[in-house]
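Chain by chain, the residues run as shown.
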Amino acid sequence: MKAFFAREALLPEGWARDVRITTDAGGGILSVEPGATPAGAELLPGVVIPGIPNLHSHAFQRAMAGAAEQRGPAGQDSFWTWRETMYRFVGLLSPADAEAVAAQLYAELLQWGFTGVCEFHYLHHQPDGTPYAEPAEMALRHLAAARRAGIGITLLPSLYRHGGIFGRDPAPGQRRFLNDLDGFMRIVEHCRAATAGDQQAAVGLAPHSLRAVTPVMLAALADDDGPIHIHAAEQEREVAECLAATGARPVQWLLDNAPLDARWCLIHATHMEPGEITALAATGAVAGLCPSTEASLGDGIFALRPWLAAGGRLGIGTDSHVGVSPRDELRQLETSQRLSLGERAVASDAAQPHPGRLLLEAVLAGGAQASGRALGAIAPGRRCDLVVLDAEHPTLVGHAGDGLLDAWVFSGQANPVHTVICGGRRVVEAGRHIAGPEIAAAFAQTMRRLLA
Ligand code: NGQ
Ligand code: ZN
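About the criteria used
- Residues numbered from 1 in each chain as written.
- Chains lettered and ligands numbered in written order.
- Predicted model: local features only at pLDDT ≥ 70, side-chain atom pairs only at ≥ 80, totals over all residues.
- Heavy atoms only, no water.
- Phe/Tyr/Trp six-rings, centres within 6.5 Å; stacked < 30°, edge-to-face > 60°.
- Buried < 20%, exposed > 50% of the residue type's maximum accessible area, 1.4 Å probe, protein only.
- Helix = DSSP H or I, 4+ residues; strand = E, 2+ residues; numbered from the N terminus.
- Lys NZ or Arg CZ within 6 Å of the ring centre and 35° of its normal.
- Donors = N, O, S within 2.8 Å, 3.2 Å for Na, K, Ca; no water.
- Near = heavy atom within 4 Å.
- Polar contact = N/O pair within 3.5 Å; in protein donor to acceptor, adjacent residues only side chain to side chain.
- Areas by Shrake-Rupley, 256 points an atom, 1.4 Å probe, with all protein chains shown as cover.
- Salt bridge = Lys/Arg side-chain N within 4 Å of Asp/Glu carboxyl O.
- Disulfide = S-S within 2.5 Å.
- Pairing = 2+ DSSP bridges.
- Axes fitted to C-alpha atoms, helices over the stretch in contact; angles between N-to-C directions.
- Parallel < 35°, antiparallel > 145°, perpendicular 65-115°, else oblique.
- Left-handed = near helix turned anticlockwise from the far one by under 90°.
- Contact = heavy atoms within 4.5 Å.
- Nonpolar A, V, L, I, M, F, W, Y, C, P; charged D, E, K, R; others polar.

A. How the structure looks around the packing of aromatic side chains. All chains considered together, the criterion is met by 9 aromatic pairs. Plain terms: the ring middles of F79 and W80 are 4.7 Å apart, the flat faces sit at 80 degrees to each other, and that makes the pair edge-to-face. By relative accessible area, which is 6% here, F79 ends up buried. The class for W80 is buried, based on a relative accessible area of 13%. Centroid distance F166 to W253: 5.1 Å. Interplanar angle 55 degrees. Geometry classified as tilted. On the criterion of sequence distance, the pair formed by F166 in the loop between β7 (152-159) and α4 (181-195) and W253 in helix α7 (residues 250-257) is long-range, its members being 87 residues apart. Judged by relative accessible area, W253 falls into the buried class, the value being 8%. Looking at R237, its charged tip hangs above the ring of W80, at a distance of 3.9 Å from the centre.

Laid out in structure tokens, this is it:
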């Protein structure tokens with residue numbers, strides 16, 4: 001048994017002082033005692049908040065962050081031209097590359113305070129589409145990277161069969177993604193076997209999108225215990241294609257045809273009509289928001305206010321990894337609302353005037369639900385995932401409580417995360433990942449080759 005001690009920590013009941021947190025050998029929290037003494041405990045140097053779940057990652061895209069920004073030859077760039085670039089890039093990645101890139105990404109996520117990642121993984125096969133000898137090779141590389149970096153992971157093998165709604169032929173650039181249901185389930189089973197008994201890992205399912213699966217396939221996955229993640233309603237064109245093919249918008253189609261409930265996470269859900277917002281919120285499904293990627297790809301602005309008013313659950317992901325910090329995702333989420341509404345402090349209500357606190361608590365709960373793991377709170381039975389903010393850092397000094405969370409989210413560019421504990425293990429010290437240099441060296445080697 002190990003014990004940590006925090007002078008100040010955010011517990012489910014609110015801010016508490018002199019908190020002693022004991023853990024079991026597997027990295028779960030056994031007890032949380034405010035008003036305790038530090039005797040025999042490791043002192044956490046700062047203000048302690050729960051580690052934040054990242055509910056949407058395509059780790060390999062970390063390697064193309066910043067490399068797909070220029071105007072295309074057709075003179076107009078969009079989500080769809082970015083996707084062409086991404087498909088070309090996909091062809092270059094070996095399993096070792098994928099692992100090196102993922103390890104770098106996961107170390108970065110930890111340094112910024114993400115302690116769990118949902119890896120929405122569809123890059124399954126060799127460049128010509130032939131499965132690897134181990135069909136889950138690429139997924140297992142991500143598991144290896146997560147273990148190396150010390151981050152918790154929810155592997156979400158993705159079912160990808162078609163190239164457009166519903167049942168269009170896939171494009172050559174999608175070859176590495178494709179499986180039939182049997183091939184897909186084999187990958188899921190191998191992921192489950194590799195993570196059995198591992199408290200730092202879980203496995204869910206990810207039908208990629210209504211563009212990639214058929215209604216029959218979706219129905220076959222919908223019995224699973226979850227989590228079940230699916231991209232939905234990210235781009236206007238996708239909404240128009242779904243309307244033309246089915247007579248319904250993507251979220252409405254899912255409401256009508258899939259048993260949406262708390263197992264589900266709809267990634268993006270950017271374009272919803274008011275009726276879709278209230279109906280989706282009522283299912284208990286999580287909206288998986290990826291603000292920096294949604295801005296980068298020109299997706300649109302999520303309707304945060306009506307979603308919150310309807311009691312909608314939400315979490316954040318870094319998706320294409322143009323951003324890698326919870327701070328930036330939360331800032332972008334609130335700031336995009338300000339730009340579109342001409343107001344400030346949109347993510348607030350009478351009970352909680354601080355957007356920093358309101359958004360943090362929302363994404364802890366929604367992110368934990370979407371991860372299918374015991375995350376998101378400093379409480380017995382949860383994973384011991386702790387982020388220690390350096391209260392003496394110039395970004396935070398003089399702030400306290402909810403005001404300190406606002407300062408963390410909305411002020412400056414530096415990173416005031418000092419220490420990160422993940423599954424009871426110290427993985428970031430003095431702002432640096434403990435294996436950072438070795439992980440970065442392997443990443444640099446891969447990047448020089450990929451971009452040469
Ligand atoms: C993805 N990314 O699966 O990586 C997608 C692009 C698609 C985002 N949507 C591919 N941000 O949706 O077809
Ligand atoms: Zn995605």
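B. A look at the coordination of the zinc ion (ligand 2). Around the zinc ion (ligand 2), the protein contributes the donor atoms H56 (NE2), H58 (NE2) and H231 (NE2), at 2.0 to 2.1 Å from the metal centre. Sequence spacing of the donors to the zinc ion (ligand 2): H-x1-H-x172-H. You can see H56 sitting in strand β5 (residues 52-57) and its partner H231 sitting in strand β10 (residues 228-232), a full 175 residues away along the chain. Each member of the pair, H56 together with H231, is buried.

C. How the structure looks around the site of ligand 1. By nearness alone, 14 residues border ligand 1, and R83, Y122, H208, R211 and E234 come closest of all. Interatomic distance of 2.8 Å between a side-chain N/O atom of Q61 and an oxygen atom of ligand 1. Taking H208, its side chain carries an N or O atom lying 2.7 Å from an oxygen atom of ligand 1. Summarising the interface, the protein chains cover 100% of the accessible area of ligand 1, which totals 340 Å² for the free molecule. Here the shell around ligand 1 gets 4 residues from one element, more than from any other, and that element is helix α1 (residues 79-90).

D. Seen up close, the pattern of salt bridges. Enumeration according to the criterion identifies 19 salt bridges in this entry. When the shortest N-O distance is used, the salt bridge between R426 and E42 registers 2.5 Å. Within this pair, whereas R426 is found in strand β16 (residues 425-429), its partner E42 is found in strand β4 (residues 42-50), the two being separated by 384 residues in sequence. For E42, a relative accessible area of 29% puts it in the partly exposed group.

E. Structural detail: the state of the cysteines. Going through the model one piece at a time under the given rule, you end up with 0 disulfides. Looking at the unpaired C242, the closest cysteine sulfur is the one in C265, lying at 18 Å. The exposure class of C242 is buried, given its relative accessible area of 1%.

F. Main features of the pairing of β7. Extensive coverage of β7 is indicated by the burial of 8 of its 8 residues. Covered by surrounding structure in β7 are G152, T154, L156 and S158 together with I153, L155, P157 and L159, the residues of both alternating faces. The pairing of strand β6 (residues 114-121) with β7 spans 6 bridges and is parallel. For V117, the partnering residue across the bridge sits in β7 and is I153.

G. Examining the packing of helix α3 (residues 137-149) against α4 more closely. Following both chains from N to C, one finds α3 and α4 inclined at 25 degrees, their axes separated by 10 Å at the closest point. With respect to α4, the axis of α3 lies roughly parallel. Between α3 and α4 lies a crossing of right-handed hand. Facing A139, L140, L143 and R147 of α3, the residues of α4 in contact are H190, C191, A194 and T195. The class makeup of the residues in the contact of α3 with α4 is 5 nonpolar, 2 polar and 1 charged.

H. View of the sheet that holds strand β17 (residues 432-433). In space, the 8 strands of this open sheet follow the order β3-β2-β1-β4-β14-β15-β16-β17, with mixed pairing throughout. Where the open sheet ends on each side, the last strands, each with one partner, are β3 (29-33) and β17. Bridge analysis of strand β15 (residues 417-422) against β16 gives 3 bridges, and the strand direction is antiparallel. By the bridge assignment for β16, V420 is matched with V428.

I. View of the packing of helix α11 (residues 326-341) against helix α13 (residues 401-410). Look at α11 against α13: their axes get within 8 Å of each other, and the N-to-C directions meet at 90 degrees. One finds that α11 runs roughly perpendicular with respect to α13. Contact residues: P326, R327, L330, R331, E334 and R338 in α11; W408, V409 and F410 in α13. Its residues placed into classes, the contact of α11 with α13 shows 5 nonpolar, no polar and 4 charged.

Geometry only, nothing functional implied.
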